[in-house]
Every structure is written in C-alpha cells, then in structure tokens.
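# What the coordinates show
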Amino acid sequence: MQQPPALIDGFNRKVDYLRMSVTDRCDFRCVYCMAEDMQFLPRQQILSLEELYQVAERFVALGTRKIRLTGGEPLVRQGIVGLCQRIAALPGLRELCLTSNGSQLGRLAQPLFDAGVTRLNISLDSLDPERFRALTRTGDLQQVINGIDAARAAGFRRTKLNAVVLKGRNDDEIVDLVRFAIDRELDISFIEEMPLGVISEHQRGESYCSSDEVRERLAAHFTLVESAESSQGPARYWRLAEAPNTRVGFISPHSHNFCATCNRVRLTVEGRLLLCLGNEHSVDLKQVLRQHPGDSARLEAAIRDAMQLKPYRHHFEVGGEVQILRFMNMTGG
C-alpha cells in the first residue's frame, strides 16, 4: 500500500503544520510586536491571494493537516474570507485556524465560520482599557471583547486567547485573564515574549516573566492538572479542576523550548518559507511562484528540499542582543 505523502526534516520530524502570514499590516501597534512608526511592504512585494492559495494547496498535497493564517492582522487583508473558503475546501486539510487581534471579528466572525475556518486564536493582553490601549498603542478593548463574543455567537468553539506576559506591565492580570476565559468557556495561553525585532519601548530582559512563574501564581487560585492534550502547536496545556471547559496553555520559547517536537514551518508575507522562528534559514518561494507560474511540481520540489534546511532548535536569550531583526508582523504570529 502506498504511503501518504509527508514532509520529513533532517532530524526525522514530520512537518504537517503551516503558518501563513497573509499581510504585514495591522490596525494595532503592539509594543512587543512592532515599532510605533512602521514601514509596511509595497503590495507587489507580498504574495497575492492566488499565490498564497497555491502554496497552501501544495503543502496540503504534501501531508500538511493544519494551516494557520496570521499577519500582521489577517483580517485587514482584502479578500481574506474568500481565501479561507478556498483553503478550507482542500481535501485532506483537517484544520484551518486564524490568529487575530479581534478588532474585526464583530463583522467577520460569522463569514469566517461560514467559510470553513475551524478555530480562532485571539490576542488579549489586558482587561484594563487604558492599559490595553498602552500595550497595543491603538486598540479599543471593548471592540475586541465584542469580537470575542461575536466569534462565540457565530459558532466558534475552543477559541483560545493569547496573552504575552510582561513583568510590570500586565503580569498582575494573569488570574483575571483566566477568570475571563472561564466565564466565556475559552482556552487561554500565556506566552513568554520572543526577542524578535529591535524595540525601544521596553527592556526585554527586565520585562521577562517565565511560564513557571505564571503557573505558580495561578496555582494559588486554581487547581492545575497537567494534560497531555495538544493543539499541534507549541503550547503545553493544563486543565483547571474548577473549570472543566477551559484549558490553560504555556508557550515557553525561553524556559522550556519545544524544538525537539517542532512540526511547523512559516510562510512570511514576502513568500519566504521560514524553517524556524528563531533562525533565518529560509527558501524564497515567491521566486519559484513568479519565475515558474503554475508549475506545481517545481513548487513542490522547493518545499521538499527546504525541509533539509530546518535547524534542530532556536537559541533565544532573555536579555542579550537581538538575534533576529525581523518583527513578528513580518514572520506571522
């Protein structure tokens, strides 16, 4: 019997999860993600919707079972719902997920659900309106909460909140954020800040808050039960004995790196296939797409060959020099 296609890297890890950045633009300017005055890419430098679909189609043909659309903010990209509908229809794809800041979900949650998007991740770093505005520089907290509620009303389940924890900025809200998730039957993940892009707004070493510290604080209020559940991503989950409908995840690129089981690659908005978030190993798929339009065999070969460039691990440092100069909005969150 013929084996189904699969992408295997040089360390015998199966790669079956693709994160695709559909835009570098965003209506927020979160302090850990980008500079306040950003220069975004001209349109001709980013992949078209058709090119994004072609990459997704080849990855699914090669065994990818989960695709996550990211940005920037993916919902500011014109035509995003139609792209979701086309990708969701690819035979063999089990999950089409989307990461959003929530600002546009009030109007787009239902169309996205109807298009076949399986699950949403929504960034929420604070429940205090003034603090939320300071962390996002432009965001309206109530608009995001309305978007979260719109997603639930549209039919989305297992929606997950993502909170980047910054010491002295929002670490005092950890318990409140979990209670917010419990009230709405959401999951929540706490994320250690990643050293991507040069920022001047705060010192990353001083703002670093480890997953262990977050978990210890939560343990004073909830009974945490370790879980073997996985969403195919880097989060390690715990259940709450007091709230069976909410999982708490921890994404720990510094304190507990998850490289040994990495099953992911990222497509940047410029069409670079990035083999590791914390390294610059990449292949230019845009060049293949534009020099050989419609040549799926050549695109497939480029994807297969790229797997051998995937490094074993990243080497993030908490307080040292920034190793990666690109911002998260370029990489895809």
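As the structure is a prediction and not an experimental result, all values here were calculated from the model.

## Notes on the overall build of the chain
- Within the chain one finds eleven helices and 14 strands.
- Per-residue burial over the chain gives 57% buried out of 333 residues.
- For the chain, the share of sequence-separated contacts (at least 6 apart) that also reach a separation of at least 24 residues comes to 75%.
- Entry remark: accessible area of the chain is about 14,200 Å², with carbon and sulfur atoms responsible for 48%.

## So, the environment of Glu242
- Of note, Glu242 is situated in the loop between β10 (236-240) and β11 (243-251).
- Sequence-wise, Glu242 and His221 are 21 residues apart; in three dimensions their C-alpha atoms are separated by 9.8 Å.
- When near neighbours in sequence (up to four residues on either side) are disregarded, Glu242 contacts Phe222 and Thr223.
- There is a polar contact of 2.8 Å between the side chain of Glu242 and the side chain of Thr223.

## Observations regarding the UniProt feature "binding site: [4Fe-4S] cluster 2" (unreviewed entry) in the chain
- UniProt annotation of "binding site: [4Fe-4S] cluster 2" (unreviewed entry) refers to Cys259, Cys262 and Cys276 when read in the numbering used here. In three dimensions, the annotated residues from a span of 18 residues occupy one location, with a maximal C-alpha spread of 9.2 Å.
- Examined against the element boundaries, Cys259 turns out to sit in the loop between β11 and β12 (264-267).
- Its relative accessible area of 6% is what places Cys259 among the buried residues.
- By secondary structure assignment, the location of Cys262 is in the loop between β11 and β12.

## Let's talk about the side chain of Asp24
- Along the chain, Asp24 turns up in the loop between β3 (17-21) and α1 (49-61).
- Nearest to the buried, unbridged Asp24 among oppositely charged side chains is Arg25, at 4.4 Å.
- Polar side-chain contacts of Asp24 include one of 2.9 Å to the backbone nitrogen of Leu41.

## A closer look at the nonpolar core
- Within the largest apolar cluster, 90 residues are counted, with the highest numbers of intra-cluster contacts made by Ile67, Leu69, Ile87, Phe190 and Leu218.
- Among the elements that make up this core, the one with the highest residue count is helix α5 (residues 141-154) (seven residues).
- If we skip the residues at most four places from it in the chain, Phe190 touches Ala163, Val165, Ile174, Leu177, Val178, Val214, Leu218, Val248, Gly249, Phe250 and Ile251.

## Side note on the pattern of salt bridges
- Across all of its chains, the model carries 20 salt bridges by this definition.
- We note a salt bridge from Glu173 to Arg131, for which the minimum N-O separation is 2.8 Å. Note that Glu173 is positioned in the loop between β7 (160-165) and α6 (174-183) and Arg131 in helix α4 (residues 129-136), a separation of 42 residues in sequence.
- Judged by relative accessible area, which is 7%, Glu173 ranks as buried.
- Notably, a salt bridge pairs Arg298 with Asp295, separated by 3.3 Å at the nearest N-O pair.

## Observations concerning helix α8 (residues 211-219)
- Every buried residue of α8 is listed here: Ser211, Val214, Arg215 and Leu218. Taken down its axis, α8 places every buried residue within 95° of arc, on the same side.
- Of the surrounding elements, those touching the buried residues of α8 are β7, α6, β8 (187-192), β9 (224-226), β10 and β11.

## Details of the UniProt feature "binding site: S-adenosyl-L-methionine" (unreviewed entry) in the chain
- Mapped onto the present numbering, the UniProt feature "binding site: S-adenosyl-L-methionine" (unreviewed entry) falls on Tyr32, Gly72, Ser123 and Met194.
- The topology assignment puts Tyr32 in the loop between β3 and α1.
- Here Tyr32 falls in the buried class, since its relative accessible area comes to 13%.

## Re the packing of helix α2 (residues 80-88) against helix α3 (residues 105-115)
- Running from N to C, α2 and α3 point in directions that differ by 20°, and their axes come no closer than 8 Å. In terms of their interaxial angle, α2 and α3 are classed as roughly parallel. Read as a crossing pair, α2 and α3 show a hand that is right-handed. Counted together, Val81, Cys84, Gln85 and Ala88 of α2 and Leu108, Pro111, Leu112 and Ala115 of α3 form the full contact between these two elements.

Conventions adopted
Residues numbered from 1 in each chain as written. Predicted model: local features only at pLDDT ≥ 70, side-chain atom pairs only at ≥ 80, totals over all residues. Heavy atoms only, no water. Helix = DSSP H or I, 4+ residues; strand = E, 2+ residues; numbered from the N terminus. Buried < 20%, exposed > 50% of the residue type's maximum accessible area, 1.4 Å probe, protein only. Contact = heavy atoms within 4.5 Å. Areas by Shrake-Rupley, 256 points an atom, 1.4 Å probe, with all protein chains shown as cover. Polar contact = N/O pair within 3.5 Å; in protein donor to acceptor, adjacent residues only side chain to side chain. UniProt positions renumbered as here; feature names shortened; annotations may be inferred. Lys, Arg positive; Asp, Glu negative; His and termini not counted. Salt bridge = Lys/Arg side-chain N within 4 Å of Asp/Glu carboxyl O. Core = buried A, V, L, I, M, F, W, Y, C linked by side-chain atoms within 4.5 Å. Arc of directions from axis to C-beta. Axes fitted to C-alpha atoms, helices over the stretch in contact; angles between N-to-C directions. Parallel < 35°, antiparallel > 145°, perpendicular 65-115°, else oblique. Left-handed = near helix turned anticlockwise from the far one by under 90°.

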